[in-house]
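# Report on the structure
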Amino acid sequence: MSAVLAPWTSAHIATGVSAGRYEGALRDIIHAFKYEGRRSLADPLGRLICEAGRHVLDDCDCVVPVPLHPWRRLCRGFNQARDLAKRLDRPVVDGLWRVRATPSQMTLHAEARRTNVRSAFLVSPLCTRGARLPGVRDSIVVLVDDVRTTGATLDECGKVLLKAGAREVRALTIALA
């Protein structure tokens, strides 16, 4: 169905891997998973990204799903990134909260995407103010999401995790748009 793409990096992501291109059957499967609530697809998609990102996951300490804003999470009924993260056989740390509702990134160009997600994420407020996030401090963390387009969301999350004390942030997605 898809081939593992070349690794990528960004300002705050040491390395990232996407299992395939966001097109054809893979795009249809992701849409069914994310927008039609076909959560049973998390198992095969989790296996796909686990295989594609084996070297990204090998020595990581935990995985952190990219969070949805609480309202979007409530409307959708689940966070697709968290469903994927749970299938990667690594500790899942819900270390980030999306604190600002942002418009959909789908129709935005690269600079607008970066602006859209700026300051949208914080270290989980369940941690004490000023404390570094347990499970992330001095750790190699892998961010998990469904699709990487420009990488703006992943990079913003990476920035927050590094400020929280992560030693290194990597990323793993199903597809690259």
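Here the structure is a predicted model, which means the values were calculated and not measured. (Residues numbered from 1 in each chain as written. Predicted model: local features only at pLDDT ≥ 70, side-chain atom pairs only at ≥ 80, totals over all residues. Heavy atoms only, no water.)

## Some details on the side chain of serine 139
Take serine 139: it is sitting in the loop between strand S4 (121-123) and strand S5 (140-148). Beyond its immediate stretch of four places on either side in the chain, serine 139 contacts Asp61, Gly165, Ala166, Arg167 and Glu168. (Helix = DSSP H or I, 4+ residues; strand = E, 2+ residues; numbered from the N terminus. Contact = heavy atoms within 4.5 Å.)

## A word on the environment of glycine 151
Structurally, glycine 151 is set in the loop between S5 and helix H7 (152-163). By relative accessible area, which is 12% here, glycine 151 ends up buried. Note: C-alpha distance between glycine 151 and threonine 9 (142 residues apart in sequence) is 8.9 Å. (Buried < 20%, exposed > 50% of the residue type's maximum accessible area, 1.4 Å probe, protein only.)

## Considerations on unusual backbone geometry
Of note in the backbone geometry, aspartate 89 takes a positive phi value of approximately 55° without being a glycine. Even without being glycine, aspartate 138 reaches a positive phi, approximately 60°.

## Focus: the nonpolar core
For soluble globular proteins, nonpolar side chains are generally found buried alongside one another. Counting residues in each nonpolar core, the largest one holds 26 residues, and the members touching the most others are Ile49, Val142, Val144 and Ile174. For this core, the secondary structure elements donating two or more residues are strand S1 (15-21), helix H1 (24-35), helix H2 (42-52), helix H3 (54-57), helix H5 (80-85), S5 and strand S6 (168-176). Excluding residues within four positions of it along the chain, isoleucine 174 makes contact with Ser18, Ala19, Gly20, Leu26, Ile30, Leu45, Leu48, Ile49, Leu84, Asp145 and Asp146. (Core = buried A, V, L, I, M, F, W, Y, C linked by side-chain atoms within 4.5 Å.)

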